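Read off the chains here:
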Amino acid sequence: MKTNNILYIITEYNGGMRPYALSLLKVLYKKGDKIAVVIRNNNLRNEFNWIDKPDIKFIEYPDNKISRIGFRIYPKSLIDTINSIISHSDIDIAYTLTGELILCNFLKKLQTKIPVLHTIHDAIPHDTKILSIKQWLNNHFFLTLPNLKINKIAKNTITNSKSQLDYLRHKYPNNNHYYCPFPSLITDAIVNGNTNVKELINTDPYLLFFGRIEQYKGIHLLYDLYINYPDLHKYPLVIAGSGKIYFDKDDNNKNIKFLNRYFEDEELKSLFMKAEVVVFPYISGTQSGVLSLASFFGKKIVVSNIPFFKETAYNNTGITITDVNSLEVFHKDILETLNDCSSTYDYYKTNYSKDNQSILINDIIKKIL
């Protein structure tokens, strides 16, 4: 039986999209598939060394502001690469992995040439604290409007959130929508990492938040909780991740460590292994792979009661779902989790099966074709 050849399209190979895309490629890529990647950092090309060179094409992201704006409006080099691959290769379907908002003006035409399975990460954009008119304009014209357009015209979509799946089926009933569990973000570099986090050499155990600093992740609620309940100060609070800190903080509090930078995969083993409890106090969010990181290392986890966490983490040993909008409840659940001795590794083994994910996605592709 002929296997279906897939063209993977990756236009946002940075931030959280990077491990997402790489994880799925590790699960799905086979000889005969093709990959088109927009690359912003040439050093990241090395992460694709395991793929046969003829099967991957790199498109360089422009290095000056005006060219970048033009590329986001009409990414000609990317579109030419996609068209060339389709014309010269035996491709059955294109599969977008990282949102691909820059293709919002091209997707409709692409779907007349070949079936497309489009990944929707955030059907509704995240809550963001807008700090300037410039940021609002950037978000509106390069995020919100392209997001609405591409979600509307994508005939076949896939999401990793059941609640988002329900939303898409209600909002766009004439399109086909599919669900597959979120992939594990664990890479070989994370598993074998031996680089200590230099800022934490003499600090452990601690309460940990890990991720890019964004308002929708509710980091301010964890910070306020920690400030208001001295009994938590037995453990330092570590907030690890890059981004604009959007709330007021006390720089004199030495028990709270803001590690405001990007973390290499090789550092994450050290970061998580020293944590006593990992906290994800999101106030909104559609899907995320953060649970795979903490549970791979067996860490106890506290998450907010947003729909995605409730649907994926409910009734699992070592994971507490809390109401982050109630400091009293949030505090009680943190204390109970600190006193728990459970491991979450069984959760990881149950929920992040690569074989299961491969079967589900390939079944979806067969339905489309």
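For the structure, check the block above.
Regarding the packing of aromatic side chains
Per the stated rule, a full pass over the model turns up 24 aromatic pairs. Here the aromatic rings of Phe209 and Phe280 are separated by 6.4 Å at their centres, their planes lie at 70 degrees, and the arrangement is edge-to-face. Of this pair, Phe209 sits in strand E8 (residues 206-210) while Phe280 sits in strand E11 (residues 275-280), and the two are 71 residues apart along the sequence. Like Phe209, the residue Phe280 is buried in the burial classification. On the basis of an interplanar angle of 10 degrees and a centroid distance of 6.0 Å, the ring pair of Phe272 and Phe297 is categorised as stacked. Of this pair, Phe272 sits in helix H9 (residues 265-273) while Phe297 sits in the loop between helix H10 (290-296) and strand E12 (300-304), and the two are 25 residues apart along the sequence. The structure contains a cluster of three or more aromatic residues connected by ring pairs, namely Phe210, Phe263, Phe272, Phe296, Phe297, Tyr345, Tyr347, Tyr348 and Tyr352. The ring of Tyr61 is capped by Arg40, whose NZ or CZ atom sits 4.0 Å from the centre of that ring.

Digging into empty space enclosed by the protein
Left-over empty space is what a probe sized like a water molecule reveals as it rolls over the atoms. For the coordinates displayed, the defined rule picks out two cavities of 30 Å³ or more. Around the largest cavity sit Tyr216, Tyr282, Gly285, Thr286, Gln287, Ser288, Ile306, Phe308 and Phe309, which together line it. Within the lining of the largest cavity, the residues separate by chemical class into five nonpolar, four polar and no charged. Empty space within the second largest cavity amounts to approximately 30 Å³. Forming the boundary of the second largest cavity are Tyr20, Leu24, Tyr95, Ile158, Asn160, Cys180, Pro181, Pro183, Gln357 and Ile361. Among the elements of the structure, helix H1 (17-28) and helix H14 (354-368) are those that each provide at least two residues to the lining of the second largest cavity. For the lining of the second largest cavity, the class distribution of residues is eight nonpolar, two polar and no charged.

Some words on the sheet that holds strand E9 (residues 237-240)
Sheet architecture is open: six strands sit in the order E10-E9-E8-E11-E12-E13, paired in parallel fashion. Only two strands of the sheet have a single neighbouring strand rather than two, namely strand E10 (256-259) and strand E13 (319-322). Each adjacent strand pair in this sheet contributes to an overall mean axis angle of 20 degrees, direction not counted. In this sheet, E11 lies alongside E8 in parallel orientation, the contact comprising three bridges. Following the sheet pairing, Leu207 is matched in E11 by Val277. In this fold helix H12 (residues 327-338) packs onto E8, E11, E12 and E13, with an angle of close to 165 degrees to the strand it touches most, E12.

Focus on the sheet that holds strand E3 (residues 56-60)
Taken together, the seven strands give an open sheet; going across it, the order is E3-E2-E1-E4-E5-E6-E7, and neighbouring strands pair in parallel fashion. Looking along the sheet, the strands with just one partner apiece sit at the ends: E3 and strand E7 (176-179). Neighbouring strand axes in the sheet, compared pairwise and without regard to direction, differ in orientation by 20 degrees on average. With four bridges joining them, strand E1 (residues 6-10) and strand E2 (residues 34-39) adopt parallel strand pairing. Note that in E2 the partner of Tyr8 across the bridge is Ile35.

A word on the environment of His170
Along the chain, His170 turns up in helix H6 (residues 162-171). Once the C-alpha coordinates of His170 and Ser89 are considered, the two residues, 81 residues apart in sequence, prove to be 36 Å apart.

Quick word on the packing of H1 against H14
Interaxial distance between H1 and H14 falls to 9 Å at its minimum, and their mutual angle equals 85 degrees. For the element pair H1 / H14, the angle class is roughly perpendicular. When H1 is examined against H14, the residues Leu24, Val27 and Leu28 are found in contact with a partner set consisting of Lys354, Gln357, Ser358, Ile361 and Asn362. Per-class residue counts for the contact of H1 with H14 are four nonpolar, three polar and one charged.

Observations concerning a nonpolar patch on the surface
Residues Ile133, Trp136, Leu137, Phe141, Leu145 and Leu148 make up a contiguous nonpolar surface patch of roughly 590 Å² in combined accessible area. Considering the arrangement of structural elements, one finds Trp136 in helix H5 (residues 133-153).

Brief notes about the side chain of Ser184
The topology assignment puts Ser184 in the loop between E7 and helix H7 (188-191). Engagement of the side chain of Ser184 in a polar contact is seen with the backbone nitrogen of Ile186, the distance being 3.1 Å. For Ser184, the side chain forms a polar contact with the side chain of Tyr348, separated by 2.6 Å. Sequence-distant contacts of Ser184, defined by excluding residues within four places in its chain, comprise Ser23, Ser292, Tyr348 and Tyr352.

Some remarks on the layout of surface pockets
Considering only enclosed or pocket space, the second largest pocket measures out at about 300 Å³ in volume. Along its surface, the second largest pocket is lined by 22 residues, and Tyr179, Pro181, Phe182, Asn351 and Tyr352 are the ones closest to its centre. Residues of the lining of the second largest pocket, tallied by class, amount to nine nonpolar, ten polar and three charged.

Conventions adopted
- Residues numbered from 1 in each chain as written.
- Predicted model: local features only at pLDDT ≥ 70, side-chain atom pairs only at ≥ 80, totals over all residues.
- Heavy atoms only, no water.
- Phe/Tyr/Trp six-rings, centres within 6.5 Å; stacked < 30°, edge-to-face > 60°.
- Helix = DSSP H or I, 4+ residues; strand = E, 2+ residues; numbered from the N terminus.
- Buried < 20%, exposed > 50% of the residue type's maximum accessible area, 1.4 Å probe, protein only.
- Lys NZ or Arg CZ within 6 Å of the ring centre and 35° of its normal.
- 1 Å grid on protein atoms, 1.4 Å probe; cavity = no way out; pocket = protein on both sides within 12 Å on 5 of 7 lines; lining within 4 Å.
- Points joined across faces, edges and corners; volume = space filled by probe spheres on them.
- Nonpolar A, V, L, I, M, F, W, Y, C, P; charged D, E, K, R; others polar.
- Pairing = 2+ DSSP bridges.
- Axes fitted to C-alpha atoms, helices over the stretch in contact; angles between N-to-C directions.
- Contact = heavy atoms within 4.5 Å.
- Parallel < 35°, antiparallel > 145°, perpendicular 65-115°, else oblique.
- Patch = residues over 30% accessible without salt bridge, like charges linked within 9 Å, V, L, I, M, F, W, Y side chains within 5 Å.
- Areas by Shrake-Rupley, 256 points an atom, 1.4 Å probe, with all protein chains shown as cover.
- Salt bridge = Lys/Arg side-chain N within 4 Å of Asp/Glu carboxyl O.
- Polar contact = N/O pair within 3.5 Å; in protein donor to acceptor, adjacent residues only side chain to side chain.

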